Amino acid sequence: MAEELLRVEHLKKSYQSKEVLHDINFAIHKGEVVALLGSSGSGKSTLIRTLNGLEDYQGGTITFAGETVHPSKATWLALRQRIGMVFQSYDLFPNLSVLDNILLGPLKVQHRSRAEAEEDARKLLASVNLADYADRYPRQLSGGQKQRIAIVRALALHPEMMLFDEVTASLDPEMVRGVLDIMTDLAKRDMTMIVVTHEMNFAREVADRVLFLSDGEILEDRQTAEFFAHPATKRAQEFLASMEF
Ligand SMILES: Nc1ncnc2c1ncn2[C@@H]1O[C@H](COP(=O)(O)OP(=O)(O)OP(=O)(O)O)[C@@H](O)[C@H]1O
Ligand SMILES: [Mg+2]
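Just so you know, these numbers come straight off a predicted model, no measurement behind them. (Residues numbered from 1 in each chain as written. Chains lettered and ligands numbered in written order. Predicted model: local features only at pLDDT ≥ 70, side-chain atom pairs only at ≥ 80, totals over all residues. Heavy atoms only, no water.)

**Quick word on the sheet that holds strand β7 (residues 161–165)**
Taken together, the six strands give an open sheet; going across it, the order is β6-β7-β8-β3-β9-β10, and neighbouring strands pair in mixed fashion. Of all the strands in the sheet, just β6 (83–86) and β10 (217–223) have a single pairing partner and so form its edges. The sheet shows a mean angle of 15° between the axes of neighbouring strands, taken without regard to direction. Summarising the sheet, β7 and strand β8 (residues 192–196) pair through five bridges and their orientation is parallel. In the strand pairing of β8, M161 is matched with T192. Across the face of the sheet, helix α5 (residues 143–155) comes into contact with β6 and β7 while running at roughly 170° to β6. (Pairing = 2+ DSSP bridges. Helix = DSSP H or I, 4+ residues; strand = E, 2+ residues; numbered from the N terminus. Axes fitted to C-alpha atoms, helices over the stretch in contact; angles between N-to-C directions. Contact = heavy atoms within 4.5 Å.)

Here you go:
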């Protein structure tokens, strides 16, 4: 089995006095693709955001690449280069070209040379079939194209792991496939990924494992085929029955 990359132990997270994640435990190995599934409000986004330092947590430990995370601004700034994240809303800077949006992190945060970072960015753009879009501005792109750029922007930092939170949820149906294809391709190239998605067919095809979250608890942590064929809990059975796929 590949090396462990992420370990979460006894994680607890509250908003004000309300605990929304209770005693979360799981580990992810290098190259694994994990689908994080669960109904609305179950805590998927909260968990993903906590793993990127966008939310604090009140208990438990996160271990990344063998090192316990001691939360601080500096720690998370460093870790966000190693754990990339893409959200439902692609927040590209409207006043910067596609290329400059992508180069912001590599130049300002990683202090790489412009020539090297630009060559890298253009290769990444080509890999998502947007080589000709480097000089465009976000307003000149479709939703699907913006989301592909948002993924490229995260990949430009060469993260060791990627977190995706419903990245196709706000896209027109005809745009969804192109974005899912990029994630499928990343998975095939052994990127370690946690993917929150309502696209059940995609989850079933691409994920190695499913974490099923319900009311802030992981009710099932199973191999994907087993989860879809034989969900063990009533909650998961009801969840799958409610999804169209
Ligand atoms: N900023 C916040 N302040 C207070 N409560 C919040 C906040 N964000 C989320 N919550 C609560 O935390 C719980 C988990 O929400 P979360 O957004 O993580 O769910 P989710 O599984 O991502 O749902 P969805 O599928 O709708 O995106 C919910 O009860 C929600 O109301
Ligand atoms: Mg969410």
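**Points about unusual backbone geometry**
A negative phi angle is the norm for most residues apart from glycine, just as the trans form is the norm for most peptide bonds. Positive phi, normally seen in glycine, also occurs at H10, with a value near 50°. The residue H10 is located in strand β1 (residues 4–15) in this model. On the basis of relative accessible area, H10 is assigned to the partly exposed category, the value being 49%. With a phi angle near 50°, Q16 is a residue other than glycine that sits in the positive phi range. Structurally, the position occupied by Q16 is in the loop between β1 and β2 (18–29). Given the relative accessible area of 78%, Q16 is considered exposed. (Buried < 20%, exposed > 50% of the residue type's maximum accessible area, 1.4 Å probe, protein only.)

**Notes on the site of ligand 1**
Around ligand 1 sit Y15, K18, V20, S39, S40, G41, S42, G43, K44, S45, T46 and E166, and that is every residue in its neighbourhood. In this structure, an oxygen atom belonging to ligand 1 sits 2.7 Å away from a side-chain N or O atom of K44. Across the complex, the protein chains shield 61% of the 640 Å² of accessible surface that ligand 1 would expose by itself. Sorting elements by how many residues they give to the shell around ligand 1 places helix α1 (residues 44–50) first, with three residues. Looking at the shell around ligand 1, its residues break down into two nonpolar, seven polar and three charged. (Near = heavy atom within 4 Å. Polar contact = N/O pair within 3.5 Å; in protein donor to acceptor, adjacent residues only side chain to side chain. Areas by Shrake-Rupley, 256 points an atom, 1.4 Å probe, with all protein chains shown as cover. Nonpolar A, V, L, I, M, F, W, Y, C, P; charged D, E, K, R; others polar.)

**Here we look at the domain arrangement of the protein**
Assigned domains within the protein: domain 1 (4–82 + 160–242) and domain 2 (93–158). A C-alpha centroid distance of 25 Å is found between domain 1 and domain 2. In this assembly, domain 1 packs against domain 2 so that about 1,100 Å² is buried in total across both faces, 75% of it on carbon and sulfur atoms. Counting the contacts that link domain 1 with domain 2 gives zero salt bridges. Applying the counting rule to domain 1 against domain 2 returns two residue pairs in polar contact (both at pLDDT 80 or more). Only β7 and α6 (173–188) provide two or more residues apiece to the side of domain 1 that touches domain 2. At five residues, the largest contribution of residues to the side of domain 1 that touches domain 2 is made by α6. Residue classes in the side of domain 1 that touches domain 2 are distributed as nine nonpolar, two polar and two charged. (Domains from an automatic or database assignment. Buried area = accessible area lost by both parts, 1.4 Å probe. Salt bridge = Lys/Arg side-chain N within 4 Å of Asp/Glu carboxyl O.)

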